[in-house]
Amino acid sequence: MATRARTEFDRPEPTRRGVLAAGGALALTSTGLLGGCGGDTGDGGEGDRFRAAFTSGGSQETLDPHVAPNFVDQARAKALYDTLGTYADDMSVRKRLAESWESDASGTRWRVRLRKAQFHDGGPVTAEDVLYSYRRAADPDTGSPSQVLLSAVDFDASKADGKRSVVFVLKAPNFEFPTVFAGPGTEIIPDGTTDFREPVGSGPFTYVSFTPGGTARYRAWADHWDGAPRIAELEIVPANEESARLNALLSGQVHYAADMAGASVERLEKDKSARLLTSKRATAQQLLLRTGRKPFDDPRLIRAVQLGIDREALVRIALAGHGEPGNDLFGMGLRGYPDGLEARERDLAQARKLVKQAGAEGLHITIQTSSVDAAWQPAADLMARQLKEVGLKVTANTRASSTYFSEIETKGVAAFNTTSTLPVSDFLQQRVRGGAARNQTEYVSEKFDKLLDRARTTRDEQERLALLARAQKIARDESGLLVWAFSDAVDAVGSSVRGLRAAPPNSHDWARFDRVRIS
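Residues numbered from 1 in each chain as written. Predicted model: local features only at pLDDT ≥ 70, side-chain atom pairs only at ≥ 80, totals over all residues. Heavy atoms only, no water.

Counting secondary structure elements, the protein contains 13 helices and 19 strands. Here the C-alpha radius of gyration of the protein, 23 Å, is about what a compact globule of 519 residues would show, namely 24 Å. Along the three orthogonal principal directions, the C-alpha set of the protein runs to about 70 × 55 × 40 Å. Relative to its 519 residues, the protein shows a buried fraction of 59%. Contacts in the protein between residues at least 24 apart in sequence constitute 73% of all its contacts with a sequence separation of at least 6. Taken as a whole, the protein presents about 19900 Å² of accessible surface, with 46% of it coming from carbon and sulfur. Once the 69 positive and 69 negative side-chain charges of the protein are each reduced to a mean point, those two points are 3 Å apart. (Helix = DSSP H or I, 4+ residues; strand = E, 2+ residues; numbered from the N terminus. Rg over C-alpha atoms; globule rule 2.2 N^0.38 Å. Buried < 20%, exposed > 50% of the residue type's maximum accessible area, 1.4 Å probe, protein only. Contact = heavy atoms within 4.5 Å. Areas by Shrake-Rupley, 256 points an atom, 1.4 Å probe, with all protein chains shown as cover. Lys, Arg positive; Asp, Glu negative; His and termini not counted. Charge placed at Lys NZ, Arg CZ, Asp CG, Glu CD.)

Okay, structure coming up:
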């Protein structure tokens, strides 16, 4: 196939429901409403063409699957490409292009056997394709959200062991390594691919056309290893404003509208022409307190904030009831989340006592926020009133959504963030471990890191999960990563749509359009 040298380009910041292995999201920007949809009538247009509306990543978008900062990128990648594995709803890993995988006793050598599958150009999916894809995704210059996890692979020692067998050699033991196989930005592409203007993958749809920031069109591929799609054509169209997606769905211009919230959900609940796909606990709403900077280098103040906020009120007001209180740990309901944790209850007396002990009465704290997530500003206002009761003065500093995530990496001592569903072990490695690139609270704990290392080097599944639970209980009190709620993820479909179910973002069944039917 034709190739060209890789070029550098500016990558868009993630959207509000961004893949979040990338760390956050961007405010919706205004674009014209579905410019490619004119002329079609009826429920989503022509009967064999399914249309899905997402927030666009703008003119810098690409069909390079290893660069996947936005959920729309992930939806497009699912159409064109395949991965070795896929995530179940609880973020455990299931087989996809991989027929099997197994490790040696040390956890440093993993053999993956591939099923019989082929690319859209007729070529077989081989071990060399897998190695090339993973080497490319592991390159920091590529920008894959799974780059950190793939950096654990020793690619000089790894090799193809036959056409459909690959041996990965790791730099250190890791019995959680299979979580990489399903990670965003790990799609398998043909060996040597550098040009994605007319991409070739092994997914259920073939490429027809794409305009960055505009419509992507695909055609069903009858020879897909998992069976042909049930629709003839797929279009993924941009509609950046939530109101535009809502109106497009209700008017029949699209069959699927991603990321509904607030008043839109309430309207859709009453409208019989559409139905909601609601995934509970899909997004962890976080307040990041920097433990490496004053005043949150004092653990008493972290504890005071944890005890001083009213989580039930935050869910009721900031999330309009579309969520549930958090417990200062990521991943509630996912594989690896500790069982039996008592809920974090508000305790004003203890919080006031801790503030006084820290000599922080009347201390002014600024929380960084933005319009990235509609819940953040009301949450900041409510937290300010709640923490005033324990002796802290809190104000919000609203930053531009386009630069928010880059700015909070270096500025301020407290900031809002969200993270969607990911394997718990990967989240802990990437966001909580001392020195990790995305550890924005600057938390450092030798005890926590050692427990993570022991977990990853423990072969027995139950022992491994028990070690992860011990590590999380330490981080819950100390890390400064305060999970105040889990918000629902809500998509919507037209009444004629069958074959889609509510599923967490990043999971297998989310945006699984090859199984869609239009009645």
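Overall, antiparallel pairing links the four strands, which are arranged β4-β5-β7-β6 in an open sheet. Across the chains shown, the open sheet's two edge strands, defined by having one partner strand only, are β4 (98-103) and β6 (159-160). (Pairing = 2+ DSSP bridges.)

To continue, consider a positive patch on the surface. A surface patch of positive charge is lined by Arg230, Arg275, Arg498 and Arg517. Relative to the elements of secondary structure, arginine 517 occurs in strand β19 (residues 517-518). According to the relative accessible area criterion, arginine 517 is partly exposed, its value standing at 39%. (Patch = residues over 30% accessible without salt bridge, like charges linked within 9 Å, V, L, I, M, F, W, Y side chains within 5 Å. Salt bridge = Lys/Arg side-chain N within 4 Å of Asp/Glu carboxyl O.)

Let us now look at helix α6 (residues 299-308). Among the 10 residues in α6, seven count as buried, and that is most of the element. Those residues of α6 not exposed but buried are Leu301, Ile302, Ala304, Val305, Gln306, Leu307 and Gly308. Structurally, α6 contributes buried residues whose contacts are with β12 (274-289), α7 (311-318), α8 (348-357), α9 (376-388), α13 (461-478) and β17 (481-494). N-cap assignment for α6: the residue whose side-chain oxygen lies 2.9 Å from the backbone N of arginine 300 is aspartate 298. (Polar contact = N/O pair within 3.5 Å; in protein donor to acceptor, adjacent residues only side chain to side chain.)

This brings us to the pattern of salt bridges. In the structure shown here, the tally under the stated rule is 35 salt bridges. Between arginine 136 and aspartate 64 there is a salt bridge; the shortest N-O distance is 2.6 Å. Pair noted here: arginine 136 is in helix α2 (residues 127-138) and aspartate 64 is in the loop between β1 (49-54) and α1 (71-80), with a separation of 72 residues, a long-range link. The two residues arginine 136 and aspartate 64 agree in class, both being buried. Where arginine 501 meets aspartate 89, a salt bridge forms, and the shortest distance between an N and an O atom there is 2.9 Å. In this pair, arginine 501 sits in the loop between β18 (497-498) and β19 while aspartate 89 sits in the loop between β2 (85-87) and β3 (93-95), placing the two residues 412 residues apart along the sequence. Connected through shared salt-bridge partners, Asp82, Arg96, Asp226, Arg512, Asp514 and Arg515 make up one network.

Its location among the elements puts glutamine 440 in the loop between α11 (424-432) and α12 (446-456). Take glutamine 440: its relative accessible area is 15%, and that puts it in the buried class. If we skip the residues at most four places from it in the chain, glutamine 440 touches Leu288, Arg290, Phe405, Ile408, Glu409, Asn417 and Arg431.

Take asparagine 506: it is sitting in the loop between β18 and β19. By relative accessible area, asparagine 506 is classed as buried at 4%. For asparagine 506 and glycine 85, which are 421 residues apart along the polypeptide, the C-alpha to C-alpha distance reads 12 Å. At a separation of 2.6 Å, a polar atom in the side chain of asparagine 506 contacts the main-chain carbonyl oxygen of threonine 421.

Note that soluble globular proteins tend to have their nonpolar side chains buried in a common cluster. Ranked by size, the top nonpolar core spans 59 residues in total, and within it Leu84, Val112, Tyr134 and Phe168 carry the most contacts. In this structure tyrosine 134 touches Leu84, Leu150, Phe155, Phe168, Val180, Phe181, Thr186 and Ile188, once residues within four positions along its chain are discounted. (Core = buried A, V, L, I, M, F, W, Y, C linked by side-chain atoms within 4.5 Å.)

So, about the side chain of serine 92. Position of serine 92 relative to the elements: it lies in the loop between β2 and β3. The class of serine 92 is buried, set by a relative accessible area of 9%. Here arginine 94 takes part through its side chain, which lies 3.0 Å from a polar atom of the side chain of serine 92. Sequence-distant contacts of serine 92, defined by excluding residues within four places in its chain, comprise Thr86, Tyr87 and Arg335.

Assignment of secondary structure puts lysine 280 in strand β12. Separated by 106 residues in the primary sequence, lysine 280 and asparagine 174 place their C-alpha atoms 30 Å from one another. Of note is the side chain of lysine 280, whose polar atom sits 3.3 Å from the side chain of aspartate 488.

What follows covers the pairing of strand β7 (residues 165-169). Burial analysis of β7 places five of its five residues in the buried class, which makes it a mostly covered element. Both strand β5 (residues 109-114) and β7 contribute to a ladder of five bridges, which runs antiparallel. When the bridges of β7 are listed, arginine 111 appears paired with valine 167. Where β6 lies against β7, two bridges are found, and the strand directions are antiparallel. Looking at β7, one finds that lysine 159 is bridged to valine 167. From the end of β6 to the start of β7, which pair antiparallel, there are four residues, and glycine 162 there has a positive phi angle of about 105°.

Moving on: the packing of α6 against α13. Direction vectors running N to C along α6 and α13 enclose 90°, while the axes themselves pass 8 Å from each other. Taken together, the axis directions place α6 and α13 in an arrangement best described as roughly perpendicular. In this structure, α6 contributes Ile302, Arg303 and Gln306 to the contact, and α13 contributes Arg476, Asp477 and Glu478. Split into classes, the residues belonging to the contact of α6 with α13 amount to one nonpolar, one polar and four charged. (Axes fitted to C-alpha atoms, helices over the stretch in contact; angles between N-to-C directions. Parallel < 35°, antiparallel > 145°, perpendicular 65-115°, else oblique. Nonpolar A, V, L, I, M, F, W, Y, C, P; charged D, E, K, R; others polar.)

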